[in-house]
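Below, each chain spelled out in residue letters.
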Amino acid sequence: MAIPEVLAGRGRFPRTRMRRNRRAPWSRALVAETRLSVLDLIWPIFVIEGENRREPVPSMPGVDRLSSDLVADAVAEAVGLGIQAIALFPYVEPELKTPEGDEAVNADNLVCRTIRRIKAAYPGLGVICDVALDPFSSHGHDGVCRDGKVVNDESVAILCRQAVVQAEAGCDIVAPSDMMDGRVGAIRDALDQAGCADTQIMAYAAKFASAFYGPFRDAIGSSGALVGDKKTYQMDPANALEALREVALDIEEGADMVIVKPGMPYLDIIQRVKASFGVPTFAYNVSGEYAMLRAAADRDWIDYPRALLESLLAFKRAGADGILTYAALDAARLLKEG
Ligand code: PBG
């Protein structure tokens with residue numbers, strides 16, 4: 001749609017002065033096109049076994065792995081700040097990892113126990129869990145390997161069982177992050193058959209094979225183990241049209257919401273997904289993005305609060321309905337302070 005010349009102000013200087021609306025805070029607030037709110041934030045948390053355990057993740061300054069009792073304390077703070085949803089990621093002890101990620105389908109595994117604990121204390125908080133085998137597999141892949149290949153259909157069958165144990169433990173949203181073909185539809189059917197028709201699916205629909213996941217893999221202890229790379233299932237960063245096809249498939253298969261991941265280098269994908277499908281679209285501001293911001297901030301090379309809020313606002317401007325970010329608590333505090 002062409003903007004009428006009178007609005008665009010072309011050739012009308014000095015009658016049209018774009019700076020007039022910017023001259024005072026109240027005026028800038030009136031004309032702001034996008035707003036960031038605490039309601040947009042999803043906080044990912046790393047969970048470890050034990051009680052009263054806190055382990056800093058070296059590549060993610062300010063982020064700790066927490067035992068589930070400390071997760072409960074941290075969640076109390078998040079809820080107090082107005083955060084509506086968290087995402088749980090387990091650090092699985094190496095001796096529990098197997099080639100087929102058996103622990104993923106154990107209804108009493110660390111994730112399921114933590115879900116129960118959190119939902120008992122905070123029934124009104126949205127709890128999201130990844131569906132993928134990488135925290136549980138000895139080779140660090142999201143699915144099962146046969147002859148050095150990550151096999152699709154056999155992996156999907158296991159992922160369905162993983163989604164069901166999480167849903168039965170009380171998880172509100174399962175988030176398949178594995179990028180196997182057909183998994184969203186299969187998980188939807190499995191959830192429905194298990195009586196979990198209300199469990200939502202937030203599909204990592206457009207997930208790219210990215211270097212920005214490095215710190216996350218440290219955090220869940222899968223980086224040392226990872227054999228090869230994930231390029232046979234995660235997407236090529238060169239592709240945008242393929243991302244739209246992935247999103248279309250996941251919606252058709254029953255996804256309630258979709259994720260684009262990583263976040264900042266993929267704002268064009270977020271914008272196109274939202275414009276093309278109009279579905280609830282979430283950005284994952286991933287570990288490497290967080291690490292870069294923190295690394296620069298810790299050297300006083302960048303103003304962390306301003307750079308953080310600007311980054312998160314940019315996701316909203318691109319069309320995201322919400323953002324998964326490790327800086328959720330920092331952002332919530334900053335928003336509260338105004
Ligand atoms: C696992 C998973 C990954 C992330 C979320 N779920 C890593 C990967 O695919 O290797 C990355 C999150 C981050 O970097 O913050 N399927």
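Going by the structure above, here's the rest.
I will try to describe carefully the structure that is included in this document.

1. Side note on the overall build of the protein
When helices and strands are tallied, the protein shows 12 helices and 12 strands. Computed over C-alpha atoms, the radius of gyration of the protein comes to 21 Å, within 12% of the 20 Å expected from 2.2 N^0.38 for 338 residues, which places it in the range of a compact globule. The principal-axis extent of the C-alpha atoms belonging to the protein is close to 70 × 40 × 40 Å. Long-range pairs, those at least 24 residues apart, make up 75% of the contacts in the protein between residues at least 6 apart in sequence.

2. Some points on the site of the ligand
Contacts to the ligand come from 17 residues, most closely from Arg 217, Lys 230, Lys 261, Ser 287 and Tyr 326. In the model, an oxygen atom of the ligand is placed 2.7 Å from a nitrogen or oxygen of the Ser 287 side chain. Interatomic distance of 2.6 Å between a side-chain N/O atom of Tyr 326 and an oxygen atom of the ligand. Bound to the protein, the ligand loses 100% of the 400 Å² it would expose on its own. Class assignment of the residues belonging to the shell around the ligand gives a composition of 7 nonpolar, 3 polar and 7 charged.

3. Section: the packing of helix 10 (residues 287-298) against helix 11 (residues 304-318)
Two packed helices can be described by the angle between their axes and the distance between those axes. The geometry of helix 10 relative to helix 11 is characterised by a closest axis approach of 10 Å and an angle of 155° between their N-to-C directions. As judged from the angle between their axes, helix 10 and helix 11 are roughly antiparallel. Where helix 10 crosses over helix 11, the handedness of that crossing is right-handed. In this structure, helix 10 uses Glu 289, Tyr 290, Leu 293, Arg 294 and Ala 297 to contact helix 11, whose residues at the interface are Tyr 304, Ala 307, Leu 308 and Phe 315. Across the contact of helix 10 with helix 11, the residue classes tally to 7 nonpolar, no polar and 2 charged.

Rules behind the numbers
Residues numbered from 1 in each chain as written. Predicted model: local features only at pLDDT ≥ 70, side-chain atom pairs only at ≥ 80, totals over all residues. Heavy atoms only, no water. Helix = DSSP H or I, 4+ residues; strand = E, 2+ residues; numbered from the N terminus. Rg over C-alpha atoms; globule rule 2.2 N^0.38 Å. Contact = heavy atoms within 4.5 Å. Near = heavy atom within 4 Å. Polar contact = N/O pair within 3.5 Å; in protein donor to acceptor, adjacent residues only side chain to side chain. Areas by Shrake-Rupley, 256 points an atom, 1.4 Å probe, with all protein chains shown as cover. Nonpolar A, V, L, I, M, F, W, Y, C, P; charged D, E, K, R; others polar. Axes fitted to C-alpha atoms, helices over the stretch in contact; angles between N-to-C directions. Parallel < 35°, antiparallel > 145°, perpendicular 65-115°, else oblique. Left-handed = near helix turned anticlockwise from the far one by under 90°.

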